[in-house]
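Summary of structural features
The residues making up each chain are set out below.
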Amino acid sequence: MAEPEASSAAANGGGRLRNAFGGVLSAFTLLLIGVLAFSIRLFSVIKYESVIHEFDPYFNFRVTQFLSKNGIYEFWNWFDDRTWYPLGRVIGGTVYPGLTLTAGTIWWLLNSLNIPLSVETVCVFTAPIFSANASWATYLLTKEAKGTGAGLMAAAILAMVPSYISRSVAGSYDNEAVAIFALIFTFYLYVKTLNTGSLFYATLNALSYFYMVCSWGGYTFIINLIPMHVLLCIVTGRYSSRLYIAYAPLVILGTLLAALVPVVGFNAVMTSEHFASFLVFIILHVVALVYYIKGLLTPRLFKVAMTLVISVGLAVCFAVVAVLVALVASSPTKGWSGRSLSLLDPTYASKYIPIIASVSEHQPPTWPSYFMDINVLAFLIPAGIISCFLPLSDASSFMVLYLVTAVYFSGVMVRLMLVLAPAACILSGIALSEVFGVLTRSLKFQLSKLFDDSSSAVPASGDSSTERATNSTKSENGNEKSETAPKEKPSKKNRKKEKEMAESVPVKPNKKEKRLLVLPFELSIMGILLLIVLGGFYVVHCVWAAAEAYSAPSIVLTSRSRDGLHVFDDFREAYAWLSHNTDVDDKVASWWDYGYQTTAMANRTVIVDNNTWNNTHIATVGTAMSSPEKAAWEIFNSLDVKYVLVVFGGLVGYPSDDINKFLWMVRIGGGVFPHIKEPDYLRDGQYRVDAQATPTMLNCLMYKLCYYRFVETDGKGFDRVRGYEIGKKHFKLTHFEEVFTTHHWMVRIYKLKPQKNRVRGKLKKLKSGAKSSSTLAAGRKNPWQ
Amino acid sequence: MPPSFQTLATATVLLLLFTASAVSCASLPPEDGIRIVSAEKRIDLTGPIVKVYLTLKVENVAAASDAYQVLLAFTPTEVQHLAIVKATRAEGKRKKKTYVPLAVEASDLATSAPNGANLYSVLLDAPLKPGETITLEVLYVLTHSLEPFPAEISQSESQLVYYRDSAVLLSPYHVLEQVTYIKMPSNRIESFTRVDPTSRAGTEVKYGTYSNQAPNSYLPILVHYENNRPFAVVEELVRKVEISHWGNVQITEHYKLRHGGARHKGVFSRLEYQSRPSISGASSFKNLLARLPPRVHSVYYRDEIGNISTSHLRIGSHKSELEIEPRYPLFGGWHCTFTIGYGLPLQDFLFESDDGRRFINLTFGCPLLDTVVDDLTIKVVLPEGSKNPQPIVPFATEKHLETSYSYLDVVGRTTVVLKKNNVVGEHNVPFQVHYEFNPIFMLAEPMMLISAVLLFFVACIAYLHMDLSIGKSS
């Protein structure tokens, strides 16, 4: 310890300037990284327009609009009657408010400075801003573990990792955009507390955790990962008072703060997702007590006390565990939410909750999606893990643990690839920085050797002897130390407090490493070049992903043809039509995917939306869509629906339309109303709407609404998505009438016809008809009557 | 049209005629001795807006007194829908005709006219001496005067409208000879009231010649014909003109548009609309043309849910044309809203007057062609620090001042708000806003930003050089 300090003191004059220069350089690099993170996400604005993307962001946008118009108290009390008709939804109590509050605050701040940006603009650019923040947070976190170089590298990699870009392009105004920042920042503060043992950081950590809880349901990942790490530290005998300070305040403060968020509330202490943290909290205290007693007592006495404590502790543990088990067993889902359960048991959702399984982002990912989303990082991660183990510290063990758990979760759900991305970036950053360090160091060493050789005019003989190497390393020592000094400085500061620990040990192996890791000149040049190529490949891929793959707002589609760019703006056409030409209180029924957009863009009441909290309600709509026209009319009429909206891609070849989603409607509907049976819609287990399709399929409402008068467009009824002619071509609608179809037929809106006047002579006939139909569909035909 | 209806209509018309003539007999003779020697009334019904061209040959038959004004009479319904009245005096013969514009104002003699008819007076530039004659050309524009009948049509029907007027010229003066022409857009004329002599030639119906009509005579006529021209009605238009002395005039226009024709009923079939464009939805329209100033830049066209991609801009040296399509074709009774914004070079619009004040010269009205604006608001946002704004508009508008705040404003920008109802294309005339402005205010915001950044750096330096820790860590 003394030696490097002395040398750094010797190089104090030059070192200080160098230090300042390095600081400015890294600050400037960080700034550039922030700009990079922000600007790579602007492809969507440049290629398309500044608009909110997809589905969930529209809801968040609508909430933000409400917040900015009515203020925070109204927001907490907001009961939204525009959705889930006739049930409504308590928005204030069921939404993670972090994102909306953030954007609302930014908007308010700008407006109080008289910068008249619209709420929409603020919402569009919130995600890129927070991506820049996230890359800075990554820098801080990695710096805690492996120093500035690795931090900068990791920040640069995170700034453009496609997985994160996919959720944070400009316009993608979703919880994840701010949550990833909160996640990384919380981890940083945890590691920082762990390194410093400062209560200040511990408090900040709890606050940051609070922000994370506000932002995203993924906070359970933090509150499970940190206990796991604490447990790991305890098990591997790395318990220290710093660990205690890092963990105990987080659990207490964090849980209290989490309970303040309405959507979490008592879940913070009641659900199984949080039990691990409390369990580890208890264990930590037991361990702390053991260490304390160990310090007080003589070894002999300690043994006695140990047995005492263990027996009492075990009893207490059993009691607690028994209570927990009882509590858990008493709840039907064992205290776990459906999504968490499907994380632990990947087959759970597909077995029990089709609505979770129906969402594509809840499916397990395929291998190509790993390559797509984290690209070369997948190959760098192992190297990162190795370098984390080289000197295994608390921080680096945390990284490894984070990576391992994130890999598992990403394997279960595509969506959680997002959690893996920061871990992958950090470890790849560490790996790259280590490799670069080794290569440049050996390069430098070889170069200096070369210069030495040329100056002393000694021909470089084939036996590059080790003593010569050691000689020149020694001569170089001063230089190198002064270079590494600023890097080590912060970590040295931290470690001052634990002087008695084996801190002088890493210095020695370091020196040894340097000696051993000298690579031949050509090899290091080659290595550096290859790394640059690898990095270039990554950058190219990221830019491509940002520009081509993840920028489409999905509400406006484009296609390139010979005569230029063609724009399909049908969704907004339909929503604008609804918003201007229907009554403000009309109810619009559609599959739940379009619920958020309809409420946000058309401002009309919907029956179901993307917040799939009520399975029965969704099943009702699914049942209506898969029923024949008359039964569907009755269901919709009982729900007070006036318009039915379907998305149809058959004319232009838009694949994610309602016909392709239809089987999920049947499944979800059939899950609640058993008279809808999936096999009725399948011919020999195959889903098809051509001439081979089953009569049930060809007579259901969804088929009819999608293909009504479709045959007249080309005379054959050729469906471009499915690639064949439709089964039933000419039919009339009796209970619905077409009121609007967009330019490319992508959205079709139908109005429920009013009930016919009863004609006296036909009374008998009607009755018999009704009877026969009711006997056909026995039981729960219409759930609302 | 069924014949029974026609007889009924004729009966009502006759009834009206009797009452009108009965009233006209009781009316007072005009106090000044003006007589209309010949009058020609040409009613243009081809568009959604009714334009009426009057050519009046006026003679002063009074013994001694000069005439300073000529009165025009309008029925109360006409006055409600009257957008603008313009009058010119024609000089010279045939080819060498020149027109001298004359001022027109609502006359305070309104009480003297029978049946609540309103009078407008054309102020002559030179008094009309006894025995002299002049020729006046009058144009007036009526909006919302075509009543769709039937009021609701389906997609395949075309739009039929009613137009009501008088066969003879309503005038407080004695009219010696008068003829009325009504021009319609197509040959399809369902019916028209016959007041002999009446004749029809193609798309034109001629009433007259009538001679020796007593003052205030009125012969109601009803024309029922096909009119499929776009009935685009801008219910509300807010134009915001922001002037920056750094070189830009930014104009933002918020439109609330409605198809004012016969209401659409029943289904809208995209199939029929696309496959038979000529028959299906004949009265609907899907695009509009806006005429913008030349050298326009940064044009955008959007609505509250984002950009609307269907627009074309042609920039010319005299004018720019922006062709816009709403998101969906507009059928009768359908609404849509959109926003057009564009920037213009400042030097084309801002001038300095002789007294050192500045004035901005802008065009009043709505850039969309052939539309009626029910409610127009123009907000001219002057730069921060402007004083004593003074708008000069050639016709009556409601004016007031307000303060608006924009980028980093501290004291706010003075905003001149002009409001007018019932605006048509004829209102697209220049108007000016004069104001005082000290160029030093241009530097206010840059200086503010510079000092903010400076303060930030100073704070950083101070923070780095201060030791805020309580206890020294050894």
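Chain B is annotated in an unreviewed UniProt entry as Dolichyl-diphosphooligosaccharide--protein glycosyltransferase subunit 1 of Digitaria exilis. According to its UniProt record, chain B has this under Sequence similarities (unreviewed entry): "Belongs to the OST1 family." One UniProt comment on chain B, placed under Pathway (unreviewed entry), says "Protein modification; protein glycosylation."

For chain A, the name recorded in an unreviewed UniProt entry is dolichyl-diphosphooligosaccharide--protein glycotransferase, with Digitaria exilis as its organism. Quoted verbatim from the Catalytic activity (unreviewed entry) field of the UniProt record, the comment on chain A reads "a di-trans,poly-cis-dolichyl diphosphooligosaccharide + L-asparaginyl-[protein] = N(4)-(oligosaccharide-(1->4)-N-acetyl-beta-D-glucosaminyl-(1->4)-N-acetyl-beta-D-glucosaminyl)-L-asparaginyl-[protein] + a di-trans,poly-cis-dolichyl diphosphate + H(+)".

Before going further, it helps to examine the overall build of chain A. If you tally the helices and strands in chain A, you get 36 helices and 13 strands. A buried classification covers 51% of the 785 residues belonging to chain A. Considering only residue pairs separated by 6 or more positions, chain A has 73% of its internal contacts joining residues 24 or more positions apart. Counting every atom, chain A has about 35,900 Å² of accessible surface; 65% of that belongs to carbon and sulfur.

Residue and element names in this part refer to chain A. Running from N to C, helix α22 (residues 377–389) and helix α23 (residues 394–412) cross one another at 150°; their axes reach a closest spacing of 9 Å. Considering the angle they form, α22 stands roughly antiparallel to α23. Between α22 and α23 the crossing geometry is left-handed. Taking contact as the criterion, the partners of Ile 381, Ile 385, Cys 388 and Phe 389 in α22 are, on α23, Ser 396, Met 399, Val 400 and Leu 403. Residues that form the contact of α22 with α23 fall into these classes: seven nonpolar, one polar and no charged.

Right, let's talk about the sheet that holds strand β23 (residues 320–324) of chain B for a bit. All names here are of chain B. Spatially, three strands are ordered β19-β23-β22 in an open sheet, and the strand pairing comes out antiparallel. The open sheet terminates on both sides in strands that have one partner only, identified here as β19 (288–292) and β22 (311–315). Each strand of the sheet is rotated relative to its neighbour by a mean of 15°, with strand direction disregarded. Strand direction decides the pairing type here: β19 and β23, joined by five bridges, are antiparallel.

With that settled, consider the interface of chain B and chain A. Of the residues lining the interface, 26 residues belong to chain B; the matching set on chain A comes to 28 residues. Of the roughly 2,400 Å² buried where chain B meets chain A, counting both sides, 52% is carbon and sulfur surface. It is Arg 270, Leu 271 and Ile 305 of chain B that lose the most area in chain B upon contact with chain A, and together they represent 27% of the buried surface on that side. Here chain B is connected to chain A by four salt bridges.

Take the state of the cysteines next. Under the counting rule described, the total for this entry stands at zero disulfides over all chains. Left without a disulfide partner, Cys 317 of chain A is nearest to the cysteine sulfur of Cys 233 of chain A, which lies 19 Å away. Looking at Cys 317 of chain A, the relative accessible area reads 34%, which means it is partly exposed. Cys 336 of chain B provides the cysteine sulfur closest to Cys 366 of chain B, a residue in no disulfide bond, and the two sulfurs are 12 Å apart.

Here we take up the sheet that holds strand β2 (residues 50–60) of chain B. Residue and element names in this part refer to chain B. Spatially, 10 strands are ordered β3-β6-β5-β4-β7-β2-β1-β11-β14-β13 in an open sheet, and the strand pairing comes out mixed. Looking along the sheet, the strands with just one partner apiece sit at the ends: β3 (67–74) and β13 (198–201). Going from strand to strand, the sheet's axes swing by 20° on average, the running direction of each strand aside.

A separate point is the confidence of the model for chain B. Residue and element names in this part refer to chain B. Across chain B, pLDDT averages 84, with 91% of residues at or above 70. Per-residue pLDDT stays below 50 along residues 1–30; that stretch engages in 27 contacts with residues further than four places along the chain or on separate chains. Across the assembled chains, the prediction reports ipTM 0.86 with pTM 0.84.

Once that is clear, we can look at the UniProt feature "transmembrane region" (unreviewed entry) in chain B. When the UniProt feature table is mapped onto this chain, "transmembrane region" (unreviewed entry) is found at residues 440–464 of chain B. Helix makes up 84% of residues 440–464 of chain B and strand 0%, with an end-to-end C-alpha separation of 36 Å.

Throughout the structure, instances matching the rule amount to 53 aromatic pairs over all chains. Residues Tyr 190 of chain A and Phe 398 of chain A carry aromatic rings whose centres are separated by 5.2 Å and whose planes lie at 50° to one another, so their mutual orientation is tilted. Here Phe 398 of chain A lies in helix α23 and Tyr 190 of chain A lies in helix α11 (residues 175–196), a separation of 208 residues in the sequence. The pair Tyr 190 of chain A / Phe 398 of chain A is uniform in exposure class, with both members buried. A connected cluster of aromatic rings, assembled from ring pairs, spans Trp 577, Tyr 643 and Phe 740 of chain A together with Phe 268, Tyr 273, Tyr 328, Phe 331 and Trp 334 of chain B. Against the face of Tyr 164 of chain A rests Arg 41 of chain A, its NZ or CZ located 4.9 Å from the ring centre. The ring of Trp 664 of chain A has Arg 667 of chain A sitting right over it, with the charged end atom 4.6 Å from the ring centre.

Where β13 of chain B lies against strand β14 (residues 204–213) of chain B, four bridges are found, and the strand directions are antiparallel. Bridged to Thr 198 of chain B within β14 of chain B is Tyr 207 of chain B.

Residues and elements named next belong to chain A. Here helix α14 (residues 241–260) crosses helix α16 (residues 275–296) at 140°, and the two axes come no closer than 10 Å. By the angle between their directions, the pair α14 and α16 is classed as oblique. In this structure, the crossing between α14 and α16 has a hand that is left-handed. Where α14 approaches α16, its residues Leu 243, Tyr 244, Tyr 247, Ala 248, Val 251, Ile 252 and Thr 255 are matched on the opposing element by Ser 277, Phe 278, Val 280, Phe 281, Leu 284, His 285 and Ala 288. Classifying every residue of the contact of α14 with α16 by side-chain character gives 11 nonpolar, three polar and no charged.

Here the UniProt feature "domain: STT3/PglB/AglB core" (unreviewed entry) sits at residues 585–644 of chain A. Within the segment residues 585–644 of chain A, helix and strand shares are 50% and 12% respectively, and the terminal C-alpha atoms sit 14 Å apart.

Looking now at the domain arrangement of chain B. By a widespread convention, an interface's size corresponds to the accessible area lost as its parts come together. Residues and elements named next belong to chain B. What the domain assignment reports for chain B is domain 1 (24–226) and domain 2 (235–446). Centre-to-centre, using C-alpha coordinates, domain 1 lies 33 Å away from domain 2. Contacts between the two partners involve 23 residues from domain 1 and, on the opposite side, 27 residues from domain 2. Across the domain 1 to domain 2 interface the summed buried area is about 1,800 Å²; carbon plus sulfur atoms make up 54%. Close ionic contact of Glu 426 with Lys 51 constitutes a salt bridge, the shortest N to O distance being 3.7 Å. Viewed at the interface, domain 2 and domain 1 are joined by nine residue pairs in polar contact (both at pLDDT 80 or more).

Further remarks concern the environment of Ala 268 of chain A. All names here are of chain A. Tracing the sequence through the fold places Ala 268 in helix α15 (residues 267–270). Take Ala 268: its relative accessible area is 2%, and that puts it in the buried class. Taking the C-alpha atoms as reference points, Ala 268 and Val 539, 271 residues apart in sequence, are found 41 Å from one another. Once you skip the residues sitting within four places of it in the chain, Ala 268 turns out to touch Thr 255, Ala 258, Ala 259, His 274 and Phe 278.

Moving on: the pairing of strand β4 (residues 82–91) of chain B. Residue and element names in this part refer to chain B. For β4, the tally of buried residues reaches seven of 10 residues, placing the bulk of the element in the interior. For β4 and strand β7 (residues 133–142), the ladder comprises eight bridges, and the chain directions are antiparallel. Paired with Ala 87 across the strands is Val 138, a residue of β7. Pairing geometry for β4 and strand β5 (residues 98–106), over five bridges, is antiparallel. Bridge pairing in β5 places Glu 91 opposite Thr 98.

Conventions we followed
- Residues numbered from 1 in each chain as written.
- Chains lettered and ligands numbered in written order.
- Predicted model: local features only at pLDDT ≥ 70, side-chain atom pairs only at ≥ 80, totals over all residues.
- Heavy atoms only, no water.
- UniProt positions renumbered as here; feature names shortened; annotations may be inferred.
- Helix = DSSP H or I, 4+ residues; strand = E, 2+ residues; numbered from the N terminus.
- Buried < 20%, exposed > 50% of the residue type's maximum accessible area, 1.4 Å probe, protein only.
- Contact = heavy atoms within 4.5 Å.
- Areas by Shrake-Rupley, 256 points an atom, 1.4 Å probe, with all protein chains shown as cover.
- Axes fitted to C-alpha atoms, helices over the stretch in contact; angles between N-to-C directions.
- Parallel < 35°, antiparallel > 145°, perpendicular 65-115°, else oblique.
- Left-handed = near helix turned anticlockwise from the far one by under 90°.
- Nonpolar A, V, L, I, M, F, W, Y, C, P; charged D, E, K, R; others polar.
- Pairing = 2+ DSSP bridges.
- Buried area = accessible area lost by both parts, 1.4 Å probe.
- Salt bridge = Lys/Arg side-chain N within 4 Å of Asp/Glu carboxyl O.
- Disulfide = S-S within 2.5 Å.
- pLDDT = per-residue confidence, 0-100.
- Phe/Tyr/Trp six-rings, centres within 6.5 Å; stacked < 30°, edge-to-face > 60°.
- Lys NZ or Arg CZ within 6 Å of the ring centre and 35° of its normal.
- Domains from an automatic or database assignment.
- Polar contact = N/O pair within 3.5 Å; in protein donor to acceptor, adjacent residues only side chain to side chain.

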